[in-house]
Amino acid sequence: MIGLASLFLVSVAIEPAAQQEQCSYDPEILSMDFEKFDQDEDSGWRQVARQPGCEKEAAKLIRIYRLNMEQRLSVLYFHEGQMKAFAEDYPEAISALRQSMKKQDVFGWNPYVRATIAFLQRDIDQLKKERDILKQTVRPDSFEGDWPLNLDVIDALIRCFKKPYKEAYSSNSCSK
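Residues numbered from 1 in each chain as written. Predicted model: local features only at pLDDT ≥ 70, side-chain atom pairs only at ≥ 80, totals over all residues. Heavy atoms only, no water.

Undergrad: Describe the packing of aromatic side chains, listing the residues and the values that go with them.
TA: Enumeration according to the criterion identifies 12 aromatic pairs in this entry. Look at Phe78 and Trp109: their rings are 5.0 Å apart centre to centre, the planes differ by 65°, and that puts the pair in the edge-to-face class. You can see Phe78 sitting in helix H5 (residues 55-86) and its partner Trp109 sitting in helix H7 (residues 109-120), a full 31 residues away along the chain. For the pair formed by Phe78 and Trp109, the shared burial category is buried. Taken together, the ring pairs connect Phe86, Phe119, Phe161, Tyr165 and Tyr169 into an aromatic cluster. The positively charged end of Lys102 is found above the aromatic ring belonging to Trp109, 5.0 Å away from the centroid. For the cation-ring pair, Arg122 lies above Phe161, with the distance from its terminal atom to the ring centre recorded as 5.6 Å. (Phe/Tyr/Trp six-rings, centres within 6.5 Å; stacked < 30°, edge-to-face > 60°. Helix = DSSP H or I, 4+ residues; strand = E, 2+ residues; numbered from the N terminus. Buried < 20%, exposed > 50% of the residue type's maximum accessible area, 1.4 Å probe, protein only. Lys NZ or Arg CZ within 6 Å of the ring centre and 35° of its normal.)

Laid out in structure tokens, this is it:
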């Protein structure tokens, strides 16, 4: 599975050059760990906010950083749910998977998550519906590669619908 968290930063627009010149910072600021970005008085967003007239730019950086962290948390919730599903603890898996839904979904993540939940709930109609929704997801201009993401996984879940999740997720053995 492609790391969707890393793809999120690609789609974030940066302020026009005039604003950047006034409010200078290294774009790597968005890669800092939380403590350094938020709590260190000499780095992160505070470094930008100390520059006269750069409060708006600092707020923008905080927003972008927060959204990126939410994207990363989302993937962690998903992987936690996936491991619970591999262990056949479907109720706990579903709980974690639901927490992985994204507020801003430009890569078809939410239909993929809902399809996974539908598989765990043994709801083939919902699983197929989510596949159709995923197929209609518009490819972001900045994205290169197979599209839509995770369609192959959903197809495997459909083909292997009667199998345990672990087998269906990683299986090419079900008839195509």
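Now that the structure has been shown, the text picks up again.
Undergrad: Describe helix H6 (residues 90-98), and please don't skip the residues or the numbers.
TA: Owing to its 3.6 residues per turn, the α-helix brings residues three or four apart onto one side. For H6, the complete set of buried residues consists of Tyr90, Ala93, Ile94, Ala96 and Leu97. Projected down its long axis, H6 shows its buried positions confined to an angular sector of 165°, all on one face. Structural note: H6 exposes Pro91 and Arg98 on the side pointing more than 90 degrees away from its buried face. (Arc of directions from axis to C-beta.)

Undergrad: Outline the environment of Pro52, listing residues and values.
TA: When you line up the elements, Pro52 lands in the loop between helix H4 (44-49) and H5. Note on Pro52: relative accessible area 69%, which makes it exposed.

All quantities given are derived from atomic positions and should not be read as evidence of function.
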